[in-house]
Amino acid sequence: MTSSKIELPGEVKSDPAALMASLQLMPSPVPDLEIKYTKIFINNEWQTSVSGRTFPVYNPSNGEKICHVQEAEKADTDKAVQAARLAFTLGSVWRRMDASERGRLLDKLADLVERDRTILATLESVNGGKPFLQAFYVDLQGVIKTLRYFAGWADKIHGMTIPVDGDYFTFTKHEPIGVCGQIIPWNFPLLMMAWKIAPALCCGNTVVIKPAEQTPLSSLYMGALIKEAGFPPGVVNILPGYGPTAGAAIAFHMGIDKVAFTGSTEVGKLIQEAAGRSNLKRVTLELGGKSPNIIFADADLDYAVEQAHQGVFFNQGQCCTAGSRVFVEESIYDEFVRKSVERAKRRIVGNPFDPTTEQGPQIDKEQYSKILALIQSGISEGAKLECGGKALGRKGFYIEPTVFSNVKDEMRIAKEEIFGPVQQILKFKTMDEAIERANSTEYGLVAAVFTRDINKAMTVSAAMHAGTVWINCYNALNVQSPFGGFKMSGNGREMGEYGLREYSEVKTITMKIHQKNS
């Protein structure tokens, strides 16, 4: 599940006739897609909001309204939690279900996602502005792999026997936590939903999940597939709505045992505070980043340029992992900047449904305006604008791929998470300097290093204050490996075997016996 490169079937030819022939083999978005699901999903039923309120959902490629969606608030959250608690009751169908059957249901859900992959990719593109082929080959592939991976884990989670002192028999068992509240972001709606629900369901929990208000449509479609797969009522409940209402209700709810959130550090702090002020529910947070990408002079320059480009610009720059601080060794700095500018100028920005498009629009007007303001701050603070820097002047929220050189550590563009198509290239002289400056941030999500020297690679990777370090690659995310941050990039881990630990409690059981024998 790597986002550095979109792998398309077969070889795409360069001449126009061959290119058109190869494009015929690629999937195409669903034309005039009907939006079927706009209600709240509770207890395997589609419900209107208690208040009767709805909210509009927009297409960022043209700014036009797609539809209205039912707006969940506190009263709806109460209903969803009640359904989830009932489904988690001792003796319920879900609690008595064999672990292998939970795995079968997750596998069935993966089958249904594969069946409707084109529809779901179209929804991601229409509602989120993603290039359709990226949504199809990266996002949806990641969803399917995540569901299948955790399906395989369902009947392999177990405890151990412990040889304690005395005439006792002691063993541990791993039990589900209970009702899990999950709040997901708008940049990878379906993928983040899979990252959240798959390990939770694998371990036997029930879920109340809130998609981002900007991008609820694909998550609601998943509700229909969850019901079709055969999950019992109340096991998964989906609440479209706003953070200050539905999101806050989840974070503060006394009937929720654990909350998982992906989003900004600012909101992550509020969720952690809400958990402490309510029932001390368990919390996992995957938050922001300002990730360093260190390029040494001995690296494969062209490869490093391309990886650094994709590491920043992938998904319109709307990635928590974006390698937005590119540190380049002094002797190759000017050439690296020149090649990076050439690559950025070649980046194709346009209609997400166009198969040649590399970059679509930003998610909404608020994010679009924030990015442009930060670009202006870079100019005013003295960074050199090498290319881009402006809105594209068309309908929708499009911004030119932007590259800055001569960036200093104290500039806003070098400190703040931009979450847009803006690359900052900084110069360094020594490895020790690069390490110190790379770690000089409140964030610690990911880092990368490009070099042919194994000693440099291992020294830098060991020194980085980050949850993930990539060597000679970028955005090499996989369902099998854990992901999460240090410092203000969050706590806990998602994915891999480590991710299961966030969704289970370890219980120790000790029984008095007549006589112990080894």
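Check the entry above for the structure.
These lines cover the structure that appears in this document, whether it is placed above or below.

Our next topic: the overall build of the protein. Along the protein, the regular secondary structure elements total 17 helices and 22 strands. Its C-alpha atoms give the protein a radius of gyration of 24 Å, near enough to 24 Å, the size a compact globule of 518 residues would have. Judged by the C-alpha coordinates and their principal axes, the protein covers about 75 × 60 × 45 Å. Counting every position in the protein, which comprises 518 residues, the buried fraction comes to 57%. In the structure as shown, the protein presents an accessible area of about 21300 Å², 52% of it carried by carbon and sulfur atoms. For the protein, the separation between the mean place of its 57 positive charges and that of its 58 negative charges on side chains is 3 Å.

Taken as a whole, the largest pocket spans an internal volume of roughly 1200 Å³. Together, 41 residues line the largest pocket, and W186, F261, G263, S264 and V267 are the ones closest to its centre. Of all the elements in the fold, those that place two or more residues in the lining of the largest pocket are helix 9 (243-252), strand 10 (258-262), helix 10 (265-277) and helix 13 (365-380). Sorting elements by how many residues they give to the lining of the largest pocket places helix 10 first, with 8 residues.

Okay, the packing of helix 7 (residues 189-202) against helix 8 (residues 217-229) next. Their axes nearest at 9 Å, the elements helix 7 and helix 8 cross at an angle of 45°. When the axis of helix 7 is compared with that of helix 8, the two are oblique. In the crossing of helix 7 with helix 8, the sense of the turn from one axis to the other is right-handed. Between helix 7 and helix 8, the contacting residues are P189, L190, M193 and I197 on the first element and S218, S219, M222 and I226 on the second. When grouped by side-chain class, the residues that make up the contact of helix 7 with helix 8 number 6 nonpolar, 2 polar and no charged.

So, about a nonpolar patch on the surface. A contiguous nonpolar patch, built from I454, M458 and I471 and spanning about 280 Å² of accessible area, is present on the exposed surface. As for its placement among the helices and strands, I471 is situated in strand 19 (residues 468-471).

Our next topic: helix 11 (residues 301-313). Compared with an ideal rise of 1.5 Å per residue, which puts 13 residues at 18 Å, helix 11 spans 18 Å between its outermost C-alpha atoms and is within 8% of the ideal. When we look at burial in helix 11, the residues that qualify are L301, A304, V305, Q307, A308, H309, Q310, G311, V312 and F313. The elements touched by buried residues of helix 11 are strand 12 (292-295), strand 13 (325-329), helix 12 (333-346), strand 15 (402-405), strand 16 (422-428) and strand 18 (446-450). Where helix 11 ends, the next residue or the one after it, N315, has phi of about 60°, a positive value.

Below, the discussion takes up the pattern of salt bridges. Close approach of charged atoms allows side chains with opposite charge to pair. Tallied over the entire structure, the rule returns 30 salt bridges. Taking the shortest distance from any N to any O, the salt bridge between R104 and E101 comes out at 2.8 Å. Here E101 and R104 lie together in helix 4 (residues 99-115), a separation of 3 residues that amounts to about one turn. With relative accessibility at 44%, the residue R104 sits in the partly exposed group. Since its relative accessible area comes to 26%, E101 is described here as partly exposed. Here E114 and R148 are joined by a salt bridge, their closest N and O atoms 2.8 Å apart. Taken as a pair, E114 in helix 4 and R148 in helix 6 (residues 132-153) lie far apart in primary sequence, 34 residues in all. When its relative accessible area of 28% is taken as the criterion, R148 is described as partly exposed.

Here we take up the side chain of T262. Residue position: T262 is located in strand 10. Within the local environment of T262, its side chain forms a polar contact with the side chain of K196, the two groups lying 2.5 Å apart. The residues touching T262, leaving out its near neighbours within four places in the chain, are I183, I184, P185, M192, K196, E286 and E494.

This next bit is on the environment of R501. Mapped onto the elements, R501 comes out in the loop between helix 17 (496-500) and strand 22 (504-512). When the C-alpha positions of R501 and A249 are compared, they lie 25 Å apart, and in sequence the two are 252 residues distant.

Criteria and cut-off values
Residues numbered from 1 in each chain as written. Predicted model: local features only at pLDDT ≥ 70, side-chain atom pairs only at ≥ 80, totals over all residues. Heavy atoms only, no water. Helix = DSSP H or I, 4+ residues; strand = E, 2+ residues; numbered from the N terminus. Rg over C-alpha atoms; globule rule 2.2 N^0.38 Å. Buried < 20%, exposed > 50% of the residue type's maximum accessible area, 1.4 Å probe, protein only. Areas by Shrake-Rupley, 256 points an atom, 1.4 Å probe, with all protein chains shown as cover. Lys, Arg positive; Asp, Glu negative; His and termini not counted. Charge placed at Lys NZ, Arg CZ, Asp CG, Glu CD. 1 Å grid on protein atoms, 1.4 Å probe; cavity = no way out; pocket = protein on both sides within 12 Å on 5 of 7 lines; lining within 4 Å. Points joined across faces, edges and corners; volume = space filled by probe spheres on them. Axes fitted to C-alpha atoms, helices over the stretch in contact; angles between N-to-C directions. Parallel < 35°, antiparallel > 145°, perpendicular 65-115°, else oblique. Left-handed = near helix turned anticlockwise from the far one by under 90°. Contact = heavy atoms within 4.5 Å. Nonpolar A, V, L, I, M, F, W, Y, C, P; charged D, E, K, R; others polar. Patch = residues over 30% accessible without salt bridge, like charges linked within 9 Å, V, L, I, M, F, W, Y side chains within 5 Å. Salt bridge = Lys/Arg side-chain N within 4 Å of Asp/Glu carboxyl O. Expected span 1.5 Å × (residues − 1). Polar contact = N/O pair within 3.5 Å; in protein donor to acceptor, adjacent residues only side chain to side chain.

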